[in-house]
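Here are the chains, one letter per residue:
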Amino acid sequence: MATSRNSFLDPKIIEFLNSFHKLVLEEALQNGSDRNLKVVDFLQPEELKPLLHLPVNPEPETAESILELCRRVIKYSVKTGHPRFFNQLYSGIDPFCLAGSWLTDALNTNIHTYEVAGVFILVEQYLIDKLCDIVGYEDGDGLFCPGGSFSNMMAIHLARFQRDSTVREKGLYQSPRLRLYCSKEAHYSMEKAALFLGIGTDNVIGISTDSRGCMLPDILDMKILEDKETKGFEPTIVVATCGTTVLGAFDPLPEIAEVCKRHGVWLHVDACLGGGVLLSKKFKHRMAGIERSDSIAWNFHKMSHANIQCSVLLLKDKGLLNKGNGLNAEYLFQPDKCYDVSYDIGDRTVQCGRRVDDLKLWIMWKALGDSGMADNIENAFKNAEYFQKLLSETEGFRLVLPEFQSTNICFWYIPPSLRGQMETKEWWEKVGKVAPEIKRKMTVQGTMLIGYQPLSSKNLVNFFRIVILNPLCDFCDMDFVVSEIDRLGKDFIP
């Protein structure tokens, strides 16, 4: 498929792109969201490899062969826009968001200086201002980041800098031993950040949680006081979680903020999952007190169902990104340009190259309006509430918690072979084998995808965790999940 230098003027290239566009619309998007079709055509790795024709040949392949490969990529990929894909903390494809992604890729822009990314810098700054207003940061700042883990890492990095600004030049060699506090249900990116930033995973202190998985502020207060007064550590940052990965718990922000204020510790909120509730008047109370935080990580590709990736870090202090990260590389950030160089925002991050993630969110939000964004959140909660009730009323299903704060619903399926027995340790060990076997069957058959896991912090054996986010989901999909799990598991004998 060799092309001329002016490849996009080549009729063959135009024909290829039109055919590719039609293929994606029909097979990836339309068929990929059809309830009557599979979520995935699953093959084992050694079965899949030969079908992909992975080797690159010395000579170009034809447009027809490239299209066939694209067709196979679609066929054997998981359809995350399918209303019965519940496996991860994302699901669904918004058409307007997709349009923004396509346009971003077509323009292929690096968002660091106004001269090359003027439109996108203005869009990003507008969205950051809007989000800061929603959170309650009167003069806040922020930027789009490559994922929630990076947002959390950046917040920890800036909290460390605010504690001791000499860390920029001196590093950790003259710093006290820093401490990071988060709940035992917090995302593992906290430990990733500690090992990457040189804080050390031993200095990530897991705080106990209540029965719902919410951090206990009294235990947090005690741990910080103990570290300060008897162990000689430097408490630096507390990470509260709004929407834990498994149970979907929301830590109590007002009480945690009081602890942080008392000890002079930075409060970061990992709201990668739960931040979407701030868009809904009905559910935003679950993040009451968010305005008292110093920073927040918020993934719009989760509860707000933007395309991956769409992650934002917001900060209360408007100048901190520049103070903590700026290096003024002279080949990019010259002060004598022909425009206001305050719009050259690339120095605010530790990255250099940064893809445009703001356009897809802006176009989606423009298309839906504030009301439509809220409707998507509230539809997810409506389905989750229906599903909880359905599970509680259906024989063989047992909720891990009486109720959930987010749209993560965790439950066990008890097959007939295990019902009516004494719930001994051995019995629970057998129950722990049920979810993996049902997951194997649903994956191979491709009817739906739901995750499972144990929860060691609560001594819980394997259970299903369904994450209900897709705006296409309806009660019929919730009914299907229950009936399908029962079909796949009713004959299971551990």
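Residues numbered from 1 in each chain as written. Predicted model: local features only at pLDDT ≥ 70, side-chain atom pairs only at ≥ 80, totals over all residues. Heavy atoms only, no water.

(A) A look at the environment of Pro 83. Position of Pro 83 among the secondary structure elements: in the loop between helix 3 (63-75) and strand 1 (85-86). Residues Pro 83 and Met 448, spaced 365 residues apart in sequence, show a C-alpha to C-alpha distance of 8.7 Å. Aside from chain neighbours lying at most four places away, what touches Pro 83 is Ser 33, Arg 35, Asn 470, Leu 472, Cys 473 and Asp 477. (Helix = DSSP H or I, 4+ residues; strand = E, 2+ residues; numbered from the N terminus. Contact = heavy atoms within 4.5 Å.)

(B) Main features of the sheet that holds strand 10 (residues 408-413). What the five strands build is an open sheet, ordered 1-11-12-10-9; its pairing is mixed. Each edge of the open sheet is held by one strand with a lone partner, namely strand 1 and strand 9 (397-399). Both strand 9 and strand 10 contribute to a ladder of three bridges, which runs antiparallel. Note on strand 10: the bridge partner recorded for Phe 397 is Tyr 413. Contacts between helix 12 (residues 358-393) and the sheet are confined to strand 9, strand 10 and strand 12 (460-467), with strand 10 contributing the most and set at about 15° to the helix. Where helix 14 (residues 434-445) meets the sheet, it contacts strand 10, strand 11 (449-455) and strand 12, and its direction lies at approximately 160° from that of strand 11. (Pairing = 2+ DSSP bridges. Axes fitted to C-alpha atoms, helices over the stretch in contact; angles between N-to-C directions.)

(C) View of the sheet that holds strand 8 (residues 311-315). Strand order in the open sheet formed by seven strands is 2-8-7-6-5-3-4, and the pairing between neighbours is mixed. This sheet does not close on itself; its edge strands, each paired only once, are strand 2 (141-145) and strand 4 (204-207). Looking at each pair of strands side by side, their axes are set apart by 20° on average, direction ignored. Looking at chain direction, strand 3 (residues 178-183) and strand 4 are connected through four bridges and run parallel. Note that in strand 4 the partner of Leu 180 across the bridge is Val 204. Most of the contacts of helix 9 (residues 217-231) go to strand 3, to which it runs at about 165°, and overall it touches strand 3, strand 4 and strand 5 (234-241).

(D) Expanded view of the pairing of strand 2. Most of strand 2 is tucked away, with five of its five residues classed as buried. In this structure, strand 2 lies alongside strand 8, joined through five bridges in antiparallel fashion. By the bridge assignment for strand 8, Gly 142 is matched with Leu 314. (Buried < 20%, exposed > 50% of the residue type's maximum accessible area, 1.4 Å probe, protein only.)

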